[in-house]
Amino acid sequence: QVQLVESGGGLVQAGGSLRLSCAASGRTFSNYAIGWFRQAPGKEREFVAAITSGGLTNYEDSVKGRFTISRDNAKSTVYLQMNSLKPEDTAVYYCAAAPSWYRDSDLRKYNCWGQGTQVTVSS
């Protein structure tokens, strides 16, 4: 198994930026795809973005053009650069591992979830 730890969350004003990190340890990081999800209070966990082991990406429609997912296999880390943040982006953000080729939104394909990092966007 791979262990994942998220960081980089915080409080930011609308229009601002944050970069989240998902650091991995344990099994070979480059063998996994990584997805970012978020969960707002009272809502279900939803897909945000994913990146395969080879660098192919996928984004949820509401974040396209604002968020960018990337990975640095040498550092065993995946990043989520979030720009033009909106109050509706407020949530706990989680990363999770999936088979190396997977980049879609089905939560059931992901395991080894991190603990999450809070992102709060004020209006």
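Residues numbered from 1 in each chain as written. Predicted model: local features only at pLDDT ≥ 70, side-chain atom pairs only at ≥ 80, totals over all residues. Heavy atoms only, no water.

**Q** Just give me the short version of the environment of Gln1, but keep the residues and values in it.
**A** Examined against the element boundaries, Gln1 turns out to sit in the segment before strand S1 (2-7). Remark: the alpha-carbon pair of Gln1 and Cys112, spanning 111 residues in sequence, is separated by 7.1 Å. For Gln1, the residues in contact, after removing those within four places along its chain, are Ser25, Gly26, Arg27, Tyr32 and Cys112. (Helix = DSSP H or I, 4+ residues; strand = E, 2+ residues; numbered from the N terminus. Contact = heavy atoms within 4.5 Å.)

**Q** An account of the sheet that holds strand S7 (residues 67-72) is requested, with residue identities and associated values reported.
**A** With respect to topology, 4 strands assemble into an open sheet ordered S1-S3-S8-S7, the strand pairing being antiparallel. Bordering the open sheet on either side are S1 and S7, each of which pairs with just one other strand. Across the sheet, the axes of successive neighbouring strands diverge by a mean angle of 15°, strand direction being ignored. Of the pairings in the sheet, the one linking S7 to strand S8 (residues 77-82) comprises 6 bridges and is antiparallel in character. Paired with Ser70 across the strands is Tyr79, a residue of S8. (Pairing = 2+ DSSP bridges. Axes fitted to C-alpha atoms, helices over the stretch in contact; angles between N-to-C directions.)

**Q** Any details on the pairing of strand S5 (residues 46-51)? Residues and values, ideally.
**A** The buried fraction of S5 is high, at 5 of 6 residues. The sheet contact formed by strand S4 (residues 32-39) and S5 spans 5 bridges and is antiparallel. The residue bridging Trp36 from the neighbouring strand is Ala49, located in S5. From the end of S4 to the start of S5, which pair antiparallel, there are 6 residues, and Gly42 there has a positive phi angle of about 75°. (Buried < 20%, exposed > 50% of the residue type's maximum accessible area, 1.4 Å probe, protein only.)

**Q** Summarise the state of the cysteines; cite the residues concerned and give the values.
**A** Scanning the entire structure with this criterion turns up 1 disulfide. At a sulfur-sulfur separation of 2.1 Å, the disulfide partner of Cys22 is Cys95. Taking the sign of the torsion about the S-S bond as the criterion, the disulfide between Cys22 and Cys95, at about 80°, is right-handed. Here Cys95 lies in strand S9 (residues 91-99) and Cys22 lies in strand S3 (residues 18-26), a separation of 73 residues in the sequence. The exposure class of Cys22 is buried, given its relative accessible area of 0%. Just so you know, Cys112 is unpaired, no disulfide at all, and the nearest cysteine sulfur is the one on Cys95, 10 Å from it. (Disulfide = S-S within 2.5 Å.)

**Q** Lay out the side chain of Glu6 with the relevant residues and their values.
**A** With respect to the helices, strands and loops of the structure, Glu6 is situated in strand S1. Buried charged residue Glu6 carries no salt bridge. Nearest counter-charge: Arg45, at 7.3 Å. A polar atom in the side chain of Glu6 sits 2.8 Å from the backbone nitrogen of Gly116. Setting aside residues up to four positions removed in sequence, Glu6 forms contacts with Ser21, Cys22, Trp36, Tyr93, Tyr94, Cys95, Gly114, Gln115, Gly116 and Thr117. (Lys, Arg positive; Asp, Glu negative; His and termini not counted. Salt bridge = Lys/Arg side-chain N within 4 Å of Asp/Glu carboxyl O. Polar contact = N/O pair within 3.5 Å; in protein donor to acceptor, adjacent residues only side chain to side chain.)

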